Amino acid sequence: MAASELYSKYARVWLPDAAEVWKSAELIKDYTAGDLTLSLQLEDGTEVEYKIDPRTNNLPPLRNPNLLVGENDLTSLSYLHEPAVLHNLKVRFIDSKLIYTYCGIVLVAINPYESLPIYEADIINAYSGQNMGDMDPHIFAVAEEAYKQMARDERNQSIIVSGESGAGKTVSAKYAMRYFATVSSSGETSVEDRVLASSPIMEALGNAKTTRNDNSSRFGKYIEIGFDKKHCIIGANMRTYLLEKSRVVFQARGERNYHIFYQLCASSHLPEFKAFKLGCADDFHCTNQGRSPVIDGVDDAKEMCNTRTAFSLLGICESDQLEMYQVLASILHLSNVEIKDQSADRSSISPDNVHLMVFCELMGVPCEEMAHWLCHRKLKTTTETYVKSVSKMNAVNGRDALAKQIYAKLFSLIVGSINDALKSAAKQRSFIGVLDIYGFETFDVNSFEQFCINYANEKLQQQFNLHVFKLEQEEYMKEEISWTLIDFYDNQPCINLIEAKLGVLDLLDEECKMPKGSDDTWAQKLYNTLLKQNVHFDKPRLSNRAFIIHHFADKVEYQCDGFLEKNKDTVNEEQINVLKNSQIALRLKLFDEDEKETGSTKKRTGVTGRAGPSQRDNKKTVGLQFRQSLHLLMDTLNATSPHYVRCIKPNDDKAPFSMDPVRAVQQLRACGVLETIRISAAGFPSRWTYQEFFSRYRVLMKQKDVLNDRKQTCKNLLEKLVKDEDKYQFGKNKIFFRAGQVAYLEKLRSDKLRMACVSIQKTIRCWLARKKYVRMKDSAITIQRYVRGHQARCYVQGLRRTRAAIVIQRNVRMWVNRRCYQQQRLAAITIQCFLRAYMARKQYYKLMFEQKAVVIQKWVKGWLARQQYKRTMAAIVLLQSCVRRMQAKKELKKLKVEARSVDHFKKLNIGMENKIMQLQHKINDQQKENKELRERLSVVEKTQSIERERQSTEIEKLRRSEQEVRAKAETLPSLLEQLSFLQHELENTRREKDDLEEQTKVYKEQTQQVVEELNMKNSLLNSEKDELNTLVVEQAQKLTEIKTNVENTKQLEKDLTEERSRYQSLLSEHLHLEERQRDLKEKMELSNSSSKSGHKRTDSNYSSNSSEFSHSLSSTEGEDSSIQTEDETQAKVDLPVLLKLQRRVKELEQEKQSLWQQLDKREEAQQEKAKEVEEQRTVGRAELDLETLKRQELESENKKLKQDLNELRKSLTSENSELMPPAPGTLPYEVLMEQLTSSNEELDMRKEEVLLLRSHMVRQEALKHKDSLLGESVKLDLSEIPSFQDVDRSLDIHTLNEDGELWLAYEGLKETNRFLESQMQEQERVHSEKCRNLLEEVNKLKVEKEQQQKLLAQSLLLPEDARIDASLKHEILRLTNENLEHMDRQEKQDKNIRKLKKQLKFYMKKVGDFEANTQQMNDASAANAPMRAVTITRKEKEYQGMLKYKEGEENRLLKNLVIDLKPRGVAVSLIPGLPAYIIFMCLRYADNVNNDRRVSNLLNSTISSIKGVIKRRGGDFEAVSFWLANSCRLLHCLKQYSGDEAFMMHNTAKQNEHCLSNFELSEYQQVFGDLAIQIYCQLIKCMENVMQPLIVASMLEHEAIQGVLGSKPTGLRKRSTSFPEEEAVTVEVLLQRLGLFHTTMSQHGMDPDLIKQVVKQQFYIICAVTLNHLLLRKDMCSWSKGLQIRYNVWQLEEWLTERELADCGAKETLEPLVQAAQLLQIKKKTEADAQAICNMCTALTTAQIIKVLTLYTPVIEFEERVSTTFITTIKNILKDRGESSTLMMDGKKIFSVTLPFTPSSVALETIQVPASLNLSFLDRI
């Protein structure tokens, strides 16, 4: 592009200026090639001629368009040069109050000299996790980039902070470390605190006030912050460089020594510092030379406290600290040691010098030796050693050198102690280094310190240049564009001049080794060696004791005086030896390094065997040490990824937000910022991605030029617009532009938009004219239409009337015919109905008759068959017995024959005796066995006899009980009479009680009327005395009272919400600490278990949870006590309010009593109804239960009898010892059979008697309920109960009663009478007690009345005012005491009543259960009549809503139900809250068995299991939501079934039966409430983690309208755009995520109120994150972005409306964001606009309004920036607004959550446990 095109008329350029460095001007005519001058006009209207050198043709630099001014990154400017950089920084710093600006890879930080609210924790949270180019420039952005690269690339990082003294280096480094300590939360906060605690210590010891800075760092430091593999801080290490030791003994005017000395002097009054004998800082020579001992706004005593706190935090004990302070105090006293001059080469110290004595005392050395060696020195030669006195000047220098040496050693020791404290035993994975080092310095007199500082800056600048060039080269190579080598300044020759062989440092070290070396001889060596050989070295014209070095920033002249002495840093060795013999413990640490060096020197000398060089020759010089440490630092920096922060000092006057252009340009040149700009400008400084370029310059294309390939489209456009191909390059993902090309494209774009505006205006004007014409035409047509319409309506109305008449006639005729038809049809249907009913009844009677006949036949035939069967069986048995008898006789004969044969053989065979003896033994054994069998048979006979006796005794008992029942039945009428008498007595006592209450009430009213009359008299007297004044005062008081009441109400509500949120935050912190403690315990137990293999861990959940309960109870008690004391103090302060509150309390108490009475009545009515329903059910199901029990008992009896019979037969028929059992017909056999038959007959008779008796008992019980008073309400149909009259129809009920078989029926009535009698006695006792209390109250009221009469009599003697005051005070005190007593008494009574009611319910339920069990036991013994076989069907089970489990199965239950449960399957397929219901049903079983240990184990294990799941799966929203819903449901179940009236009123009658009966679990309700709050907080955190990446991208970054409102040019910080773009995150994506959250919570059955609170919290997070990023991103503060935000907010509100959540309060949370968007779009020019903004932005703070207006940035040139005068007007209007000054919204704020009670309609007895849960070991009861 030709220069004539750029330098045209109205183009703006920069002209050099001596005062302002650069001045803006505008061309007033076009420039053509060959012109020697430019016609310009300055901003003040002055016209100038700018001469152009025809040889160089250097035109003045062009000025950037206003659109690009104030950009975040200087590299995004189209024209990159010094004036553009300076102007951009000035606009941002002065106009926008922004102190940070990017310049490529460098962060430029300008010291504002003012405290800014941009470093709070919420700012850190906003920058955490963000890309560096997405947010506004900030030190936190650089720190986040370093932290992110360390975590992502596993590479060490460095942050290099440099700048002049007073530029803010130390503060920037401090904030960077604070950022690392905040974002790398390791859980062990002590590590981060220790890292941050090193800063105040190093500032106290290494910082001092200078003429340029009140807190200047006089040393360099490099802090390595170590991180572990989880990227959490584990420790740190610090390296220091070049401490300015000369400041210890000398300060220039207006400067101070190191802060620690002044802090010591300010704290000298402390008792621990009394021994140091310190005073004011002006009393010591080393602290009063600058004559500026105080810094404005700094309290040295307070800073001393901070320093000591930091020492303690680092683990340095108090004794070690005192020793350090002792050494520092000794330095102060050493500086005051006065040395006198005796002669030219002799000096002395007075022996009574106080400061020397104090110094020696503090250092623990002899005073004489130290005084001697301060004025003498030891000289060593090859043959001898002698002592020589020194002059006063040398003695003073030696004293100062000793002071500097002690301070330097102490400084190194403290740095080492800090490093030891920050050292971590864990393995360091990576580190981030923060280098806080001095910037380039040049003064009027520059010495050795400035030389070393500038040498270090040369090295750092070289590393910086190489790094910048390397990044540029990598960018070009990555994008594969052709590029040429960029020439940049290489300062390696200057570095070689300083550190190479025969360089400045080398010659300095060589001169220091010379015996008679001096600064002059060293200067001559420099001139001779370097003057003509190095262009960077020069000699001043008028001095032979100085030299000049041309540094990269500027040339600096150094004075040679003191170079050698400072480089050698020598001190008198004898003085050091004296200090080595010190008695203080710190001596070993201070001089340990010197002893090690001396020892190593001696060792080397002994090995070589010859005298080596002296210790002084072996000692490293300061220059060598600094060079080595600098090389080590450069190696460290080169091994890391560097990040640069350049601090700029805007002015030397420390004026806030004021910039001196000359000083700023000097520092920009010195720190390398302009060099970065020059390197960038030499290449392609402007870089655009193809998508960004297309979006921005789409307006320059035609529709046919737009292709699907964005890259080719951009290429075609550029080739068409820019002819010179060297001005741009196409990379893989970016387009690279030369300097000035973006400005040219912006000019073309603005021209195109201007033409488009003209076309739009033309079209709109045409549209307005046409609209006017169309309106007139439409008016004429409308008139015609209405006239024609009227005519048509008249015609249509006639047609409509005719049609209506026809329709009416048709409908009337149709109605008449239909009515006639319906009457006929109804008659026919009635006749058919009666006929069919008659036929059906006839058929039914016939079937019934046949069925009954069949039944009779069936029973008769059955009876006949059984009789026939019995006769047949008897005959068969008789036949069998006869046959068996015959066989037995035959067998006996055989045995006799065999016996005779044996005797014969015995006579014949005498030799067979042995064999016979054996047989005899066998016979004896068989006889023994027979004897045993007989004994066993006798035992059986005895048992049978015992059983018969027992049965006979039972029969006798039954007969006696029958007689007793008969006798008690006779006494029943007397009991009923007694009951009626007691009822009558109760009514009388109640009437008496009512009379007493009425009398008491009348007496109270009379007393109150007397008091009111007295008050009225007093008020009349007061009104007559001063009526006008009292009216005014009363009105004012009323107004103030109204205001105070309103304010108090609001304040109470606010305090309540704050207290709730504070409690929940404390609860979350408490739970977090508990989890931390639990983790530590687990780690310790794991370590113990690894060391002790046999150790087993026990469960401690119960004890831990019990401690939680006690803690919660103590906290609530503490809150109650605090509230009570607060109320008491308020009562003492405001008496009128107290009186009103007391009246209100009385009213509330009365309402409370009435409510309690109503609740009691309702409860009694419900209990009566429940009893009636239960009795009805009991009577209705009695017969069915009887049949079931009879069947079960008969089955069990039959089984037992069969088993006994089989066992008996088996024992009788089995062979034993080769002998046969007794044969049939034998005596044992017959006896046994007779006993068996007799026992069977008796058992059958017994069964029949018991069954008959029990059946009659059940029948009589039903009749009793029918005839009783309770039976009136129970409609019992006795015909449905099967009657036993079919068995014996001749049996009569009255006959049965006369026989005495109804005694059991009256047993229950007897127990009921006893219970009623005891209850009436209890009521009588309570009634008498109440009467006694009422009498006591009446007596008390009489006494009070007498006292009041006495008081009135006394008050009449007093003056009027005093009398009124005394009476009011007395009345107030009396009423206060009375109210307090009544309240205490009422609370105690309420507690007792609730407790007694619960006990009463418990005992009533116990009695009911006992009666039910007794009835079941009685029914179980009943059996059916033997003469009738009844078919019994099994009844379906009725469940009680309990799950039975064995003791010890809690862990198994919770493992399957909580730990291993997958929420998704449960939520989709089963009822919501199923785990909570199952746990509660198990809890009901534990409560039912009255086992407190099982209840506590189950609940504690449940709490621990849920906490474990939340801890393990805290990042899974579905799991957290699922357990929040179940925890709330379990909490609601505990309340719903607790038995409390407030919760039972929502239950059904069946649900009230399922209430817990044995345990009161209100404490566990509190614990589960706390658990639900904890899970809620975790849910919010989990939800925030999911939503955080979506909010900014969808609410701010996504643009629905691209092209005209496209993005502006960006700088190097948008490096992430070189990668392929991901899918755009729109508001629809965010809404889908919100919908998923809402659906998940709804599926889990979460309470609707809780869902609303979650949605409100979600929208608050969206608002806070969006607004915070808006306040931190200058590129987002534009008119188009406000439009986009309002559209996005509208979509969010529509989402709320669709899900019926508009009333949850979420819209109100979006109000700050809506007002910020409106603020971006509203007009911002006049004062009226400012007033409108202030009235509109009520939800934004003043700081936020000012920030948005300051950051407002035009995206197109038609917009204008907000002027500073308008912002000032806004500030003036809002200055009286009382609000917080915070800038950011609290993104971590969680609204206090409430858990309203939501009863469940699910019946517990209907819940079934699915098989998928693996809970088969649970049994439904």
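Residues numbered from 1 in each chain as written. Predicted model: local features only at pLDDT ≥ 70, side-chain atom pairs only at ≥ 80, totals over all residues. Heavy atoms only, no water.

S.K.: So what about the nonpolar core? Which residues, and what values?
M.R.: Within soluble globular proteins, side chains that are nonpolar generally end up buried alongside one another. Counting 318 residues, the largest nonpolar core has Phe 180, Met 370, Tyr 407, Phe 451, Trp 522, Phe 547 and Ile 1770 as the members making the most contacts within it. Among the elements that line this core, the one with the most residues is helix 45 (residues 1562-1597), at 19 residues. The next biggest cluster of nonpolar side chains, apart from the first, holds 19 residues, and it includes Phe 693, Tyr 697, Leu 700 and Val 722. (Core = buried A, V, L, I, M, F, W, Y, C linked by side-chain atoms within 4.5 Å. Buried < 20%, exposed > 50% of the residue type's maximum accessible area, 1.4 Å probe, protein only. Helix = DSSP H or I, 4+ residues; strand = E, 2+ residues; numbered from the N terminus.)

S.K.: Give me helix 23 (residues 661-670): which residues, what numbers.
M.R.: Among the 10 residues that make up helix 23, seven are buried, leaving the element largely enclosed by the rest of the structure. Backbone geometry just downstream of helix 23 places Gly 672 in the positive-phi region, at approximately 90 degrees.

S.K.: Break down the sheet that holds strand 17 (residues 537-538) for me, with residues and values.
M.R.: Sheet architecture is open: three strands sit in the order 17-18-19, paired in antiparallel fashion. Taken across any chain shown, the strands that pair with only one partner, and hence form the sheet edges, are strand 17 and strand 19 (555-559). With five bridges connecting them, strand 18 (residues 546-550) and strand 19 associate as antiparallel partners. Considered in strand 19, the bridge of Ile 549 is made with Val 556. Of the strands in this sheet, strand 17 and strand 18 are in contact with helix 16 (residues 519-530), which crosses strand 18 at around 45 degrees. (Pairing = 2+ DSSP bridges. Contact = heavy atoms within 4.5 Å. Axes fitted to C-alpha atoms, helices over the stretch in contact; angles between N-to-C directions.)

S.K.: Describe the packing of helix 40 (residues 1474-1488) against helix 42 (residues 1517-1536), and please don't skip the residues or the numbers.
M.R.: Their axes nearest at 8 Å, the elements helix 40 and helix 42 cross at an angle of 35 degrees. Classified by chirality, the crossing of helix 42 by helix 40 is right-handed. Listed contacts from helix 42 to Leu 1474, Pro 1475, Ala 1476, Tyr 1477, Ile 1479, Phe 1480 and Leu 1483 of helix 40 are Phe 1522, Trp 1523, Asn 1526, Arg 1529, Leu 1530, Cys 1533 and Leu 1534. Of the residues belonging to the contact of helix 40 with helix 42, the class tally is 12 nonpolar, one polar and one charged. (Left-handed = near helix turned anticlockwise from the far one by under 90°. Nonpolar A, V, L, I, M, F, W, Y, C, P; charged D, E, K, R; others polar.)

S.K.: Could you give an account of the side chain of Gln 1653, with specific residues and numbers?
M.R.: As for its position among the elements, Gln 1653 is in helix 47 (residues 1648-1671). For Gln 1653, a relative accessible area of 17% puts it in the buried group. A distance of 2.8 Å separates a polar side-chain atom of Gln 1653 from the backbone oxygen of Thr 1794. Each residue touching Gln 1653, except ones within four places of it in the same chain, is listed here: Tyr 1576, Ser 1792, Val 1793, Thr 1794 and Pro 1796. (Polar contact = N/O pair within 3.5 Å; in protein donor to acceptor, adjacent residues only side chain to side chain.)

S.K.: Can you tell me about a negative patch on the surface, naming the residues and giving the values?
M.R.: A contiguous patch of negative charge on the surface is contributed by Glu 985, Glu 992, Asp 994, Asp 995, Glu 997, Glu 998 and Glu 1324. Per-element accounting of the negative patch gives the leading share, six residues, to helix 28 (residues 913-1025). Summarising the element assignment, Glu 998 is placed in helix 28. (Patch = residues over 30% accessible without salt bridge, like charges linked within 9 Å, V, L, I, M, F, W, Y side chains within 5 Å. Areas by Shrake-Rupley, 256 points an atom, 1.4 Å probe, with all protein chains shown as cover. Salt bridge = Lys/Arg side-chain N within 4 Å of Asp/Glu carboxyl O. Lys, Arg positive; Asp, Glu negative; His and termini not counted. Charge placed at Lys NZ, Arg CZ, Asp CG, Glu CD.)

S.K.: So what's going on with the pairing of strand 11 (residues 233-241)? Which residues, and what values?
M.R.: For a regular strand, side-chain orientation follows a simple rule: the groups alternate between the two sheet faces. In terms of burial, strand 11 is largely enclosed, as seven of its nine residues are buried. Where strand 10 (residues 220-227) and strand 11 come together, eight bridges link them in antiparallel fashion. Counterpart to Tyr 222 in the pairing with strand 11 is Arg 239. Hairpin connection, strand 10 to strand 11: the antiparallel pair is bridged by five residues, and His 231 has positive phi, about 60 degrees.

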